[in-house]
Amino acid sequence: MDNKWEMLEATNEDREKIWTKNRTFAGDVWFRFRRKPTSIAGFIIIVLLILFAAAGPLFTEYSYSNQNLQVVNIPPRMKVFQTPDKDGYLYITQGMQVLQVNTDGTLGSQLTKVREESNRMMTIFDCDGTEVALYYGQKPYVIANPQKNTIYPSTELWNKSYLLGTDNLGRDILTRLMYGTRVSLMVAFVAVIVNMIIGILYGGISGYLGGNVDAVMMRIVDIISTIPLTLYVILIMVIMGSGLQSIIIALGTVYWVDMARVVRGQVLGLKEQEFVQAAKTIGSSTKTILLTHLIPNAMGSILVTVTMLIPSAIFMEAFLGYLGIGLQPPLASLGTMCNDATENLRSCPHQLFIPALVICLIMFAFNFVGDGLRDALDPKLKK
Amino acid sequence: MDAILQVDNLKTSFMTSGGEVQAVRGVSFQVKKGEILGIVGESGSGKSVTSMSILRLLADTAKIKEGAVYFENQDLTKISKRKIRAIRGEKISMIFQDPMSSLNPLIPVGKQVSEMMKEHHPEKSKEELKQNVLELFAKVRIPEPEKRYRCYPHEFSGGMRQRVMIAMALANHPELLIADEPTTALDVTIQDQILHQLRELKHEYGTSIIFITHDLGVVAELCDRVLVMYGGLIMEEAGIDDIFAHPGHPYTMGLLASIPDIEQDRSKRLQPIPGSPPDMTNPPAGCPFAPRCPYARRICREELPDFVEVGANHRSRCHLQTAGAPADEHNPFAGGKQS
Amino acid sequence: MSEQLILEINNLTKHFKAGGKQTVHALDGVSFTLKKGETLGLVGESGCGKTTCARTIIRMYEPTSGQIIMDGTDITELNQKQLKPFRKNMQMIFQDPYASLNARMTVRDIIAEPLLAHGVVKRKQDANEYVYPMLERVGLTREHASRYAHEFSGGQRQRVGIARALILEPNLVVCDEPISALDVSIQAQVINLLKDFQEEKGVSYLFIAHDLSMIRYVSDNVGVMYLGQLAEIGETDEIYKNPLHPYTKGLLGSIPIANPALARQKKKSSIEGDIPSPIKPPAGCRFHTRCPYMKEICCEETPKLKDAGNGHMVACHLCD
């Protein structure tokens, strides 16, 4: 008999084999999520920001609170004048002092003041034995040779000591930015986790029990949601005083309303599904039904709501910080940094722009990720 | 009889997150004038996708990769969207399993049917159209057509809605009606009424019907010719009497053995087909039925069999039907080719 | 087989409130009994109340009135907590194998759920010794245990559902259209599985379906329901060979026969029209609006279930 006509012994394993790869729900979502460039970009930005906030302070020699009044309001790009011996540069600070700047862009020590020649509108400093003059007769101020009345050649240099410059108390903006991002992200995450727990439990119970319980619980939610959230948060902050804990508590008790609504809606739909009915006929307890059947299946919408809540929590924190009722100095948050910067907005706009840019980045990133998640979790796209 | 529709080597795929699902993998058949052609198959066999491909009603993720559908000397897969729209409902119409999703819930059914007519016969007056719709309603046995004309879809029962769909499909006396599991969601009593109706309409207008179903009983009652589909391919094609009396493919045999006869002896076990249908993202290389086939040989796993003529107008895609197949005790077709 | 009654239903009624003051008469005074190791099939069109009947018996719905007696105990009035020990003995198989399994759970967890709920095993890890044999019993393998339900085909899912319902070895399993969502070739797998279990463990089934030929094959007794009431109930062969109620006759006449020669011979005795709304069921015999033999009395007086011999009960004035 020809070999090709050999009988095949088909085993049961063979027939029942599942051909698809063993892909969990999370794997499935990730597959669809990564196909959208904007959501991947958002995801990468979030990872980078978290790294920046968490690991960044390890690489900086400054602390967020150390003030150095010698180096106040120095920008990232400095206008500098050559020293007389041409082996370095000089920078005029806002406090009418002169700083030595090395050729590589790092900052040196302050020059000692020799005398004031107010009739010539000059302050004479001692630079390695040579006298240099800070001429303040007209703006912009310049460094000049007091003997020959010539201005030293000027150039622009990147600030290597303080990459993003310093603020009005001489603190490194980059370091403060790391701590600020850390605080903002932490506030957001903690607030959102608190929201999630309250919202899921509240919405889950309301949706699962239904009937009058649901009606009463949802009216409470309606009442809470009619109070403007900002006003409510400010009231809590005023009563509890400023500080990190109060911000977290204030934000944590506000956003759960949305979460509760989302969870309730999901649970209302899910509890009529057959697998939940099946769990009931099996005799599973309410706790099991809620925790293993209802909430895991509502997790998709919960995740999307969370990623959308994070940027608004961050924004709210920044907003409170900007109003001055957020963190207490010297703690930095993105909002308080913006607030501090408004004083010098004309002379040092970068102090405002940099933290504002980070806020924007965070908002964009989380919104993109939330968007991508929603698409990835949309059951309509499922095949 | 002439063929009014000819499908040649049709291949349709869906793009999904899990990869390309090859729903239809090369299907060729003809529909003759005035016949009822049954397409039988399990879910995932490609029977619905085949019918949707004919009228290009597929979702955006689907693509006709190859093949042609000839109707009135034009290839429906190639003509413009405008032209295919003109054919839909006018020359070829379709009814679906779920009539609710094909009816607009906000418009009274009578109006929906008359608008459908108007699109293809703009010359008719409003009164004329209404008269035609009422006649149609009476024809498909919708009681009190005058009253029903102004009702909304949700006021109808499932069977009534399906009648409206049939009325709508027949509004322009199409040459071909494609019915995709029109009775699956209905009760047996209603199913019986609808089948009766389809038979009458065929006799009256000579409309050809492609009837897609998974129910062999319905096929036996209604169809003239049957295609059995499995794994995106036609496995067997035969006249209605042939397929029940001399099934020419192990899959068809399995299908027939797994339904209880109304006269079935209760002590006798049913003979199910073991296993599950193949996953069409990764179709088997050989015969798609081989993993579940009790007669499978090595060649069945390796090579896709071609059609073998096993009788008059009866072809089957099975290696065991070929001339070279050994006539041993494991060959159900041994002992001479039947008919 | 012993004559022990597993289930006795007396005059079971379930009315739902529809918007406003309307009431849906989903189930109106249904009574039957089910013996150990036997199968009672319930057939009827959609909207006839067969699913409501199943769900009321399993106490997913609260009965409006009537009695449900399980193993000699009246469970009608028990609350969900008191009901829990009885749940171990009555399980349900659902129609839709896609909706009735939690997509976020592995097959192991799904099958282990009843074990955990009734404290048969204390921890998930201990469930394997029950789950693996059960999986093999329903024709799946151990490798399937760690898969998620959504990766399975419909037939495989339904077998997982059966494994879940049978793992506690209940006395009564309510099968609510367990095969109607499955492909033809798969239906027989499920039916054979259910029959094998019955022979081995003596399970009783309340089997609900609209497929009359399947019902005939699986059931010892058949009840035909129409608009929330039993039209006819009796031994399967008796009902199919000698249907007395005009509705049963019509229903049997509507079954498509998978035999073209017979199908052509078949004389048409199908029922015209649609099932009326259960919100306002017709007075008298509820079938009179569609009955070809309708008499005056049918519109006025509700016929009672009467024995027509051999335990064949029928509710029709014409059979008096």
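Within any chain, residue numbers begin from 1 and follow the written order of that chain's sequence. Chains and ligands are labelled sequentially in the order written, the chains with letters from A and the ligands with numbers from 1. The model is predicted, so local features are restricted to residues of pLDDT at least 70 and side-chain atom pairs to those at 80 or more, both for listing and for counting; the totals for chains, interfaces and linings are taken over all residues. The side-chain values count all of the structure's non-hydrogen atoms but skip hydrogen atoms and water molecules.

**Here's the deal with the interface of chain C and chain A**
How big an interface is tends to be stated in terms of the accessible area lost upon association of its parts.
Working step 1: Working rule for contacts: check all heavy atoms of both residues, and any pair within 4.5 Å makes them a contact. Of the residues lining the interface, 35 residues belong to chain C; the matching set on chain A comes to 25 residues.
Working step 2: Buried area counts how much accessible surface, traced with a 1.4 Å probe, disappears from two parts once they are put together, with both parts' losses summed. Regarding the contact of chain C and chain A, the summed buried area is about 2,500 Å², with carbon and sulfur atoms giving 50% of it.
Working step 3: Of all residues in chain C, Arg104, Glu113 and Arg147 of chain C bury the most surface against chain A, accounting for 24% of the area lost on that side.
Working step 4: Within this document, salt bridges are pairs made up of a side-chain nitrogen of Lys or Arg and a carboxyl oxygen of Asp or Glu, the two lying within 4 Å of each other. Our count for the contact surface shared by chain C and chain A stands at 1 salt bridge.
Working step 5: Counted as a polar contact is a pair of N or O atoms within 3.5 Å, where, for protein atoms, one must be capable of donating a hydrogen and the other of accepting one, and residues adjacent in sequence contribute only when both atoms are in side chains. Across the contact surface, chain C and chain A share 11 residue pairs in polar contact (both at pLDDT 80 or more).
Working step 6: A run of H or I in DSSP counts as a helix once it spans at least four residues, and a run of E counts as a strand once it spans at least two, with each numbered from the N terminus. Contributions of two or more residues to the side of chain C that touches chain A are made by α2 (80–87), β6 (90–93), α3 (107–117) and α5 (154–166) of chain C.
Working step 7: Polar here means any residue outside two lists: the nonpolar Ala, Val, Leu, Ile, Met, Phe, Trp, Tyr, Cys and Pro, and the charged Asp, Glu, Lys and Arg; Gly therefore counts as polar. For the side of chain C that touches chain A, a count of residues per class yields 14 nonpolar, 11 polar and 10 charged.

**Let's talk about the side chain of glutamine 198 of chain C**
Working step 1: The topology assignment puts glutamine 198 of chain C in helix α6 (residues 184–201).
Working step 2: If sequence neighbours within four positions are ignored, glutamine 198 of chain C has contacts with Gly37, Glu38, Thr39, Val203, Ser204 and Tyr205 of chain C.

**A few points about the packing of aromatic side chains**
Working step 1: Between the rings of Phe, Tyr and Trp (Trp by its six-membered ring), a pair exists once the centres lie within 6.5 Å; its type follows the angle of the planes, with under 30 degrees stacked, over 60 edge-to-face, and the other angles tilted. Under the counting rule described, the total for this entry stands at 13 aromatic pairs over all chains.
Working step 2: Feature note: the residues Trp30, Phe33 and Phe43 of chain A constitute an aromatic cluster, connected by ring pairs.
Working step 3: Just above the ring of tyrosine 149 of chain B sits the side chain of lysine 130 of chain B; from NZ or CZ to the centre is 4.9 Å. Two conditions define a charge located above a ring, namely a distance within 6 Å from the ring centre to NZ of Lys or CZ of Arg, and an angle within 35 degrees of the ring normal.

**Here's the deal with a positive patch on the surface**
Working step 1: Residues Lys81, Arg82, Lys83 and Arg85 of chain B make up a contiguous surface patch of positive charge.
Working step 2: Looking at where arginine 85 of chain B falls in the secondary structure, it is placed in helix α2 (residues 81–87). Residues form patches when they are more than 30% accessible in relative terms and have no salt bridge. Like charges link within 9 Å. Nonpolar side chains (Val, Leu, Ile, Met, Phe, Trp, Tyr) link within 5 Å. Using a 1.4 Å probe, the Shrake-Rupley method yields the accessible areas, and only the shown protein chains count as cover for residues. Counted as positive: Lys and Arg. Counted as negative: Asp and Glu. His and the chain ends are not counted at all. Just so you know, the charge point we use is NZ for Lys, CZ for Arg, CG for Asp and CD for Glu.

**Thoughts on helix α4 (residues 173–209) of chain A**
Working step 1: Compared with the 54 Å implied by 1.5 Å per residue over 37 residues, the 52 Å span of α4 of chain A between its first and last C-alpha is a close match.
Working step 2: Glycine 210 of chain A, located one to two residues past α4 of chain A, shows a positive phi value of around 65°. The span you would expect from a helix comes to 1.5 Å times its residue count less one.

**Here we look at the interface of chain B and chain C**
Working step 1: The interface of chain B with chain C comprises 41 residues on the first partner and 45 residues on the second.
Working step 2: On the surface where chain B and chain C come into contact, there are 1 salt bridge.
Working step 3: Between arginine 269 of chain B and aspartate 196 of chain C there is a salt bridge, with the nearest N and O atoms lying 2.6 Å from each other.
Working step 4: Our enumeration of links across chain B and chain C arrives at 12 residue pairs in polar contact (both at pLDDT 80 or more).
Working step 5: Among the elements of the structure, α8 (188–205), α9 (216–222), α10 (240–245) and α11 (250–258) of chain B are those that each provide at least two residues to the side of chain B that touches chain C.
Working step 6: Examining the composition of the side of chain B that touches chain C, we find that 7 residues originate from one element, α8 of chain B, more than from any other.

**So, the nonpolar core**
Nonpolar side chains in soluble globular proteins tend to end up buried together.
Working step 1: With 68 residues, the main nonpolar core has Val113, Ile166, Leu198, Phe211, Phe244 and Phe289 of chain B as its most contacted residues.
Working step 2: Considering every element that reaches this core, the biggest residue donor is helix α7 (residues 158–170) of chain B, with 8 residues.
Working step 3: For leucine 198 of chain B, the contacting residues outside a window of four places in its chain are Ile166, Leu177, Ile209, Phe211 and Leu222 of chain B.
Working step 4: If you look at the next biggest cluster of nonpolar residues, it comprises 64 residues, including Val121, Met134, Val218 and Val224 of chain C. Here the nonpolar core consists of buried residues drawn from Ala, Val, Leu, Ile, Met, Phe, Trp, Tyr and Cys, with membership extended through side-chain atoms lying within 4.5 Å. Only protein chains enter the accessibility calculation, which uses a 1.4 Å probe; a residue is then buried when its area is under 20% of its type maximum, exposed when over 50%, and partly exposed in between.

**Description of a nonpolar patch on the surface**
Residue and element names in this part refer to chain A.
Working step 1: On the surface, a nonpolar cluster with roughly 660 Å² of combined accessible area is contributed by Ile50, Phe189, Ile193, Ile197, Leu201, Ile205, Leu209 and Val213.
Working step 2: Considering every element that reaches the nonpolar patch, the biggest residue donor is α4, with 6 residues.
Working step 3: Examined against the element boundaries, leucine 201 turns out to sit in helix α4.
Working step 4: Taking relative accessible area as the criterion, leucine 201 reaches 45% and is therefore assigned partly exposed.

**Section: unusual backbone geometry**
Working step 1: The phi torsion at glutamate 72 of chain B lies on the positive side, around 50°, for a residue other than glycine.
Working step 2: Tracing the chain through its elements places glutamate 72 of chain B in the loop between β4 (62–71) and β5 (74–75).
Working step 3: Classification of glutamate 72 of chain B by relative accessible area gives partly exposed; the value is 36%.
Working step 4: Although it is not a glycine, aspartate 71 of chain C adopts a positive phi angle of roughly 50°.
Working step 5: Inspection of the secondary structure puts aspartate 71 of chain C in the loop between β4 (65–70) and β5 (73–74).

**Side note on the environment of lysine 147 of chain B**
Working step 1: Secondary-structure assignment places lysine 147 of chain B in helix α6 (residues 145–148).
Working step 2: Distance from lysine 147 of chain B to glycine 110 of chain B, taken between C-alpha atoms, is 9.6 Å for residues 37 residues apart in sequence.

**Considering the pattern of salt bridges**
Working step 1: Applying the stated criterion across every chain, the model contains 37 salt bridges over all chains.
Working step 2: In this structure, glutamate 42 of chain B and arginine 292 of chain B form a salt bridge, with 3.6 Å as the shortest nitrogen-oxygen distance. Separated by 250 residues along the polypeptide, glutamate 42 of chain B in the loop between β3 (36–40) and α1 (47–54) and arginine 292 of chain B in the loop between α11 and α12 (298–302) bring together distant segments of the chain. Across the pair, exposure class does not vary: glutamate 42 of chain B and arginine 292 of chain B are buried alike.
Working step 3: The salt bridge partner of aspartate 237 of chain C is arginine 216 of chain C, with a shortest N-O separation of 3.7 Å. Here arginine 216 of chain C lies in helix α7 (residues 212–218) and aspartate 237 of chain C lies in helix α8 (residues 236–241), a separation of 21 residues in the sequence.
Working step 4: The partly exposed category is assigned to aspartate 237 of chain C, whose relative accessible area is 31%.

**Re the sheet that holds strand β9 (residues 225–230) of chain B**
Residues and elements named next belong to chain B.
Working step 1: Whether two strands pair comes down to DSSP finding at least two bridges between them. Within the open sheet, the 8 strands sit side by side as β6-β7-β8-β3-β9-β10-β12-β11. Their pairing is mixed. With partners counted over all chains shown, the strands left at the sheet margins are β6 (92–95) and β11 (308–311), one partner each. Strand after strand, the sheet turns through a mean of 20° between neighbouring axes, direction not considered.
Working step 2: Pairing of β3 with strand β8 (residues 208–213) involves 5 bridges; the strand directions are parallel. Orientation is described by axes fitted as lines to C-alpha atoms, over the contacting stretch for helices, and by angles from 0 to 180 degrees between their N-to-C directions.

**A look at the domain arrangement of chain C**
All names here are of chain C.
Working step 1: The split of the chain into domains comes from an automatic or database domain assignment. With domains assigned, chain C is organised as domain 1 (5–89 + 170–319) and domain 2 (96–169).
Working step 2: Taking the mean C-alpha position of each, domain 1 and domain 2 sit 29 Å from one another.
Working step 3: Opposite the 19 residues of domain 1 that make contact, domain 2 presents 16 residues.
Working step 4: Here domain 1 and domain 2 share an interface that buries about 1,500 Å² over both sides, 69% of which is from carbon and sulfur atoms.
Working step 5: The interface formed by domain 1 and domain 2 holds 2 salt bridges in total.
Working step 6: Arginine 137 is the partner of glutamate 200 in a salt bridge, and the nearest nitrogen-oxygen pair spans 2.6 Å.
Working step 7: Between domain 1 and domain 2 we count 5 residue pairs in polar contact (both at pLDDT 80 or more) in total.
Working step 8: Sorting the residues of the side of domain 1 that touches domain 2 by element identifies α2 and α6 as the ones contributing at least two each.

**Quick word on the side chain of lysine 271 of chain A**
Residues and elements named next belong to chain A.
Working step 1: Relative to the helices and strands, lysine 271 resides in the loop between α8 (256–270) and α9 (274–282).
Working step 2: Of the side chains with opposite charge, glutamate 272 comes closest to the buried, unpaired lysine 271, at an N-O distance of 4.9 Å.
Working step 3: Side-chain polar atoms of lysine 271 contact the backbone oxygen of glycine 207, separated by 3.1 Å.
Working step 4: Discounting residues that sit within four places of it in the chain, lysine 271 has contacts with Gly207, Tyr208, Leu209, Gly210, Val276, Gln277 and Leu294.

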